[in-house]
Amino acid sequence: MSRLFLRTLREDPADAEFRNHKLLVRAGYIRRVAPGGFAWLPLGLRVKAKIETVVREEMDAAGAQEVHFPALLSAEPYKTTGRYADYGDDIFTLEDRKGVEYVLAPTHEEAFALLVKDLYSSYKDLPLSIYQIQEKFRDETRPRAGLMRGREFTMKDAYSFDIDDEGLDASYDLQRAAYERVFRRLGLEYAIVSAHAGAMGGSRSEEFLHPTPIGDDTFVRSSGGYAANVEAFRTLPPAPREIAGLPAATVFDSPDTPTIATLVALLNDRHPRGDGREWTAADTLKNVVLALTHTNGERELVVVGIPGDRDADLKRAEAAFFPAAVEAATEADFAAHPVLVKGYIGPWSAAGPVLGGSSTSGIRFLVDPRVVEGTEWVTGANEPERHVLSLVAGRDFENDGVAEVAEVRAGDPAPDGSGPIELARGTELGHVFALGRKYADALGLQVLDRNGKLVTVTMGSYGIGISRVMALLAEANSDDKGLAWPRSVAPFDALIVAAGKDEALFEAAERIGRELEQRGADVLVDDRRISPGVKFKDAELIGVPTVVVVGRGLTDGVVEVWDRAADTRSEVALVSVVDRVAALLEG
Ligand code: ATP
Ligand code: MG
């Protein structure tokens, strides 16, 4: 340790918000050198390498083979697949001296597809799974939390290549199972959630989320085992209801009621319900006007009818309308569409249907899944200061489709019937995607099938955030005093501390270290000629799982074995300490 490139710090770094970030910097594992960029110090590199080893072993066991690509790639293929535009400002771009455009790859689908295209030509070559562990670059808007969200970070990215859908399914399942083994071996809690495939396209897509209050993602889960991203949550639609016998739609005056709250107050005041129940916001239909910008640049206004007790969730709307960009309609949008009477919008007016079905407005009218046939609503009559009672879905208005843009709430039923959901915070450890043929199509990755016919290969892509995993392991395995690594990823198996001034302590510490090394352990010896108190503080901070303290007891032939995570100490005879620690390592 007297020669280790390490400076531990007593103070938290000013820019660090979370414990993992503070401790990894203070204990000398990483050092910030750029916004979202970290230098890896010797201790940090060791932990990262151990995480990589677990990932490599499971990738290899799943039949994937390791390769390695540059991070600096031609922009052209990313333009061909459309990802250059889809990533937007998140992608780092640059030009070489000849003015040729490059990217610092955010992931490598294009590069892997082109390599396989370059080398393979027949169905006999498939299936193939290849992976790399490599640095990725993304110009994140909010690089934060140290390794949790960097602008340069380490990822394991694997890609599968198959001739048909069954093959892709099998490759996907192999990766998914490998992920479960990786996170189990690392001792990281995870929930597998169905995800929105976002800019990647494709069909099957699941995220491995680590539940943690410091996560960026909100996800939903039921006690019955359902888990999903908020964006991917599907509302359980109620059964359609009988329309016959429902009262006719009636328009009523509703002066100065541009909001749901004012409308509900007016209803209870002037139009009490026959059944004695109070009107609530859930009885009203809120018509949210969204402006979509399609990938060809075209702007389209759509109206979505959602129960009035819910707000629209823009992220869910983005997922629902992907790949179009979504924003709330602006004053200019309303000005351009005078058919929509702001504050009093509805699919129907006394003059007939305004939105949806056979209406002539040309504006698409989509509805929340809860707006099923036979449901009865109070909503705008699409005239200033007028609303309508008993507007019945399927009788008075039609829709042009269903859209999931309403917010998700704790207590909503899980779509698989496994009970009410709760909202939890988490962060993504990894992601498995069945991409399908989007990339292979765009890049012309085809092989000859059994009948000599050219067919497009189907792909999967599978990422694990290695550096983020390290941050989460640090967060989960630490206390206020420092890190406490699990054995599977600890930078050293044991730390031997010579605690005192006597030369014999140093000699004994060195000897224990050497003997443990001969038994296959990675050992660090604290041979610094400084006070024992500082050494103990550093031992607590650095978090090596087993610490052997060679101190005053040496003259009586005893040393102390300290379990950092459990914070238990026991006296052990000097003659048996090597056996004792070696046994701990073997588990
Ligand atoms: P997030 O939603 O957290 O931004 P993502 O959906 O952008 O993640 P992917 O593109 O699926 O992530 O990348 C695969 C894995 O790489 C993620 O599961 C995550 O563990 C890791 N990762 C993504 N972005 C970062 C980052 N900026 N810093 C560190 N790790 C990251
Ligand atoms: Mg991201």
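Residues numbered from 1 in each chain as written. Chains lettered and ligands numbered in written order. Predicted model: local features only at pLDDT ≥ 70, side-chain atom pairs only at ≥ 80, totals over all residues. Heavy atoms only, no water.

## Topic: the pairing of strand β15 (residues 299-307)
Part 1 of the reasoning: In terms of burial, β15 is largely enclosed, as seven of its nine residues are buried.
Part 2 of the reasoning: Hairpin remark: strand β14 (residues 285-293) followed by β15, antiparallel, with five residues in the connecting loop; positive phi at G297, about 90 degrees.
Part 3 of the reasoning: Sheet topology note: the β15/strand β19 (residues 364-367) ladder contains four bridges and is parallel. Counted as the bridge partner of V303 is F365 from β19. (Buried < 20%, exposed > 50% of the residue type's maximum accessible area, 1.4 Å probe, protein only. Helix = DSSP H or I, 4+ residues; strand = E, 2+ residues; numbered from the N terminus. Pairing = 2+ DSSP bridges.)

## What to know about the pairing of strand β5 (residues 92-95)
Part 1 of the reasoning: When β5 meets strand β6 (residues 101-104), the two strands line up antiparallel, connected through four bridges. Across the sheet, T93 pairs through a bridge with V103, a residue of β6.
Part 2 of the reasoning: Counted between consecutive antiparallel strands, the loop separating β5 from β6 contains five residues, among which G99 sits at a positive phi close to 85 degrees.

## Digging into the site of ligand 1
Part 1 of the reasoning: Taken together, the neighbourhood of ligand 1 is formed by 14 residues, with R138, E140, R149, G150 and E428 sitting nearest.
Part 2 of the reasoning: One nitrogen or oxygen atom from the side chain of R138 is found 2.9 Å from an oxygen atom belonging to ligand 1.
Part 3 of the reasoning: In the model, an oxygen atom of ligand 1 is placed 3.3 Å from a nitrogen or oxygen of the G465 main chain.
Part 4 of the reasoning: Of all the secondary-structure elements, those providing two or more residues to the shell around ligand 1 are β8 (152-162) and β22 (421-436).
Part 5 of the reasoning: It is β22 that contributes the most residues to the shell around ligand 1, four residues altogether.
Part 6 of the reasoning: Taken together, the residues of the shell around ligand 1 break down into five nonpolar, four polar and five charged. (Near = heavy atom within 4 Å. Polar contact = N/O pair within 3.5 Å; in protein donor to acceptor, adjacent residues only side chain to side chain. Nonpolar A, V, L, I, M, F, W, Y, C, P; charged D, E, K, R; others polar.)

## Observations regarding the packing of aromatic side chains
Each pair of aromatic rings is reported with the distance of its centres and the angle of its planes.
Part 1 of the reasoning: Tallied over the full model, the rule gives eleven aromatic pairs.
Part 2 of the reasoning: Each ring, one from Y179 and one from F208, has its centre 5.3 Å from the other, and the planes form 55 degrees; the classification is tilted. Taken together, the residues span a long stretch of sequence, with Y179 in helix α6 (residues 165-186) and F208 in strand β10 (residues 205-211) at a distance of 29 residues. F208 shares its class with Y179; the two are buried.
Part 3 of the reasoning: Ring centres 5.6 Å apart and planes at 40 degrees place the aromatic pair Y190 and F208 in the tilted group. Here Y190, found in the loop between α6 and β9 (191-194), pairs with F208, found in strand β10; they are 18 residues apart in sequence, far enough to count as distant.
Part 4 of the reasoning: Overall, F208 belongs to the buried group, its relative accessible area being 0%.
Part 5 of the reasoning: Seen from the ring of W279, R273 lies directly overhead, with NZ or CZ sitting 4.7 Å from the centre.
Part 6 of the reasoning: Lying over the aromatic face of W562, R569 brings its terminal NZ or CZ to 4.2 Å of the ring centre. (Phe/Tyr/Trp six-rings, centres within 6.5 Å; stacked < 30°, edge-to-face > 60°. Lys NZ or Arg CZ within 6 Å of the ring centre and 35° of its normal.)

## Describing the domain arrangement of the protein
Part 1 of the reasoning: Assigned domains of the protein: these are domain 1 (19-233 + 422-474), domain 2 (250-392) and domain 3 (492-586).
Part 2 of the reasoning: Of note, the centres of domain 1 and domain 2, computed from C-alpha atoms alone, are 40 Å apart. (Domains from an automatic or database assignment.)

## Focus on the packing of helix α1 (residues 19-26) against helix α11 (residues 466-476)
Part 1 of the reasoning: Running from N to C, α1 and α11 point in directions that differ by 95 degrees, and their axes come no closer than 8 Å. Taken together, the axes of α1 and α11 are roughly perpendicular relative to one another. Every residue of α11 that contacts α1 at R19, N20 and L24 is listed here: M470, A471, A474 and E475.
Part 2 of the reasoning: Counted by class, the contact of α1 with α11 contains four nonpolar, one polar and two charged residues. (Axes fitted to C-alpha atoms, helices over the stretch in contact; angles between N-to-C directions. Parallel < 35°, antiparallel > 145°, perpendicular 65-115°, else oblique. Contact = heavy atoms within 4.5 Å.)

## Brief notes about unusual backbone geometry
Part 1 of the reasoning: At the junction of L126 and P127, the peptide bond is cis and its omega measures out at 0 degrees in the coordinates.
Part 2 of the reasoning: Of note, the amide linkage connecting F322 to P323 takes the cis form, showing an omega dihedral of 10 degrees.
Part 3 of the reasoning: In this structure, D256 is a non-glycine residue whose phi angle is positive, near 55 degrees.
Part 4 of the reasoning: For D256, the position within the fold is in the loop between β13 (250-253) and α7 (260-270).
Part 5 of the reasoning: Owing to a relative accessible area of 60%, D256 belongs among the exposed residues under this scheme.
Part 6 of the reasoning: In this structure, E385 is a non-glycine residue whose phi angle is positive, near 60 degrees.
Part 7 of the reasoning: Note that E385 resides in the loop between β20 (376-383) and β21 (386-392).

## Here's the deal with the environment of L209
Part 1 of the reasoning: Looking at the element boundaries, L209 is found in strand β10.
Part 2 of the reasoning: Residue class for L209 comes out buried when judged on its relative accessible area of 0%.
Part 3 of the reasoning: When the C-alpha positions of L209 and F219 are compared, they lie 8.6 Å apart, and in sequence the two are ten residues distant.
Part 4 of the reasoning: In this structure, L209 is in contact with E189, Y190, A191, V193, D217, F219, T427 and E428, ignoring residues within four places of it in sequence.

## Topic: the sheet that holds β13
Either a parallel or an antiparallel arrangement is found when strands of a sheet pair, and the pairing is made through backbone hydrogen bonds.
Part 1 of the reasoning: With antiparallel pairing, three strands are arranged side by side in an open sheet as β13-β21-β20. The two strands at the open ends of the sheet, each matched to only one other strand, are β13 and β20. Between one strand and the next, the sheet's axes are offset by a mean angle of 30 degrees, whatever the strand orientation.
Part 2 of the reasoning: By the bridge criterion, four bridges tie β13 to β21 in an arrangement that is antiparallel. Along β21, the bridge assignment pairs F252 with H387.
Part 3 of the reasoning: Most of the contacts of α7 go to β13, to which it runs at about 100 degrees, and overall it touches β13, β20 and β21.

## Side note on the nonpolar core
Part 1 of the reasoning: Grouped together as the largest cluster of nonpolar side chains are 63 residues, with contacts concentrated most on L24, Y29, I51, V469 and W485.
Part 2 of the reasoning: Each of domain 1 (19-233 + 422-474) and domain 3 (492-586) contributes no fewer than three residues to this core.
Part 3 of the reasoning: In this structure, V469 is in contact with I51, F183, L186, L188, L429 and I464, ignoring residues within four places of it in sequence.
Part 4 of the reasoning: By size, the runner-up hydrophobic cluster in this structure holds 27 residues, among which are I130, F161, L443 and L445. (Core = buried A, V, L, I, M, F, W, Y, C linked by side-chain atoms within 4.5 Å.)

## Let's talk about the sheet that holds β5
Part 1 of the reasoning: What the three strands build is an open sheet, ordered β4-β6-β5; its pairing is antiparallel. Each edge of the sheet is formed by a strand with only one pairing partner; in this case those strands are β4 (72-74) and β5. Geometrically, the sheet is characterised by an average inter-axis angle of 35 degrees between neighbouring strands, direction not taken into account.
Part 2 of the reasoning: Pairing of β4 with β6 involves three bridges; the strand directions are antiparallel. From the neighbouring strand, S74 faces β6, where its bridge partner is Y102.

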